[in-house]
Amino acid sequence: MAGLRAKQKADKTRRILESATTLFREQGYDSARIEDIAEMAEVSVGTLYNYYQNKGDILVATVAMEVTEVLEAGSRIVANPPLNVAEALRTLIEQYYDHSLYYLSKEMWRTAMAISIQQPDTPLSRRYTELDGQLCAQVVRLIETLQMRGVVHASVDAKAMGEVFFNNLNMMFVEFCKVDAMPLEELKARVNAQHAPIAALINSIKIV
């Protein structure tokens, strides 16, 4: 019985988030109404408020859903990465970027970022920061894995280097979200070009 309730709760949560993202895209985050999200999700407004206090909660929950799926896919790459630093980074980061607009539009990302900056002590902001931390930790694990396999020089501080790569990919994603006209392929190309010279310096296996 408990398993059935958990399944029903997960189904309602998914419907609410999918309905919200649809309306956020169609109407804009500010214009979308809780009542309309509930109606599209086929739940009562009261039920929706049992799950989320406001639209900000829904938005951050959508970010969490996106990041959870990205981390799951990324873990498979980290477990068996290409044995070249630049190629391993490209594979992991492009997986992040390719999924980034699946649930959220650039406007929705901008709103989530703004909430995290403007309200740093709220549960929403702390959750957003936590998700960023999980992504950063995964990039660090990639560099550590490559180092254990002899691909990254033993003298390299894998944690610090992973953080450098993450901070750059994250900053570039912010720039991408700020410019509606920038295509995803341009973002990926720019980040790959920025990471290539650093990757070459720490790559212990020389490519002929």
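Coordinates for the structure precede this section.
Numbering of residues begins from 1 in every chain and follows the order in which that chain's sequence is written. With the structure being a predicted model, the display of local features is reserved for residues of pLDDT at least 70 and the display and counting of side-chain atom pairs for 80 or more, all residues being used for whole-chain, interface and lining totals. The side-chain figures draw on all heavy atoms in the structure; neither hydrogens nor water molecules are used.

Draft legend 1. Structural context of the packing of helix α4 (residues 55–79) against helix α5 (residues 85–103). Axis separation between α4 and α5 bottoms out at 10 Å; the angle between their running directions is 155°. Our classification of the angle between α4 and α5 gives roughly antiparallel. In the crossing of α4 with α5, the sense of the turn from one axis to the other is right-handed. Facing α4, whose interface residues are Thr62, Met65, Glu66, Glu69, Val70, Ala73, Gly74, Ile77 and Val78, α5 presents Thr91, Leu92, Gln95, Tyr96, His99, Ser100 and Tyr103. For the contact of α4 with α5, the residue count by class is 8 nonpolar, 6 polar and 2 charged. A fitted line through C-alpha atoms serves as each axis, taken over the contacting stretch for helices, and the angle formed by two N-to-C directions is quoted from 0 to 180°. For the purposes of this entry, the term helix denotes a DSSP run of H or I that reaches at least four residues, the term strand denotes a run of E that reaches at least two, and both are numbered from the N terminus. Convention used here: angles under 35 degrees read as roughly parallel, angles over 145 as roughly antiparallel, angles from 65 to 115 as roughly perpendicular, and any remaining angle as oblique. Helix crossings fall into two classes, left-handed where the near helix is turned counterclockwise from the far one by less than a right angle and right-handed where it is turned clockwise. By the convention used here, residues are in contact when the closest approach between their heavy atoms is within 4.5 Å. Each residue gets one of three labels, nonpolar for Ala, Val, Leu, Ile, Met, Phe, Trp, Tyr, Cys and Pro, charged for Asp, Glu, Lys and Arg, and polar for the others, Gly among them.

Draft legend 2. Expanded view of the environment of asparagine 167. In this structure, asparagine 167 sits in helix α8 (residues 158–178). Along the sequence, asparagine 167 and aspartate 132 sit 35 residues apart, while their C-alpha atoms lie 9.7 Å from each other.

Draft legend 3. Looking closely at α8. Multiplying 1.5 Å by the helix residue count minus one yields the expected span of that helix. Over its 21 residues, α8 runs 30 Å from end to end, which matches the ideal 30 Å to within 8%, given 1.5 Å per residue. Burial status follows relative accessibility: with a 1.4 Å probe on protein chains alone, a residue under 20% of its type maximum counts as buried, one over 50% as exposed, and anything between as partly exposed. Taken as a whole, α8 has its buried residues at Ala158, Met161, Gly162, Phe165, Phe166, Asn168, Leu169, Met172, Phe173, Phe176 and Cys177. Those residues of α8 hidden inside the fold are in contact with α5, α6 (106–118), α7 (123–148) and α9 (184–202). Where α8 begins, the capping side chain belongs to aspartate 157, and its oxygen is found 3.2 Å from the backbone nitrogen of lysine 159. Two N or O atoms count as a polar contact when they lie within 3.5 Å, although within protein this holds only if one can serve as hydrogen donor and the other as acceptor, and sequence-adjacent residues are included solely when both atoms are side-chain atoms.

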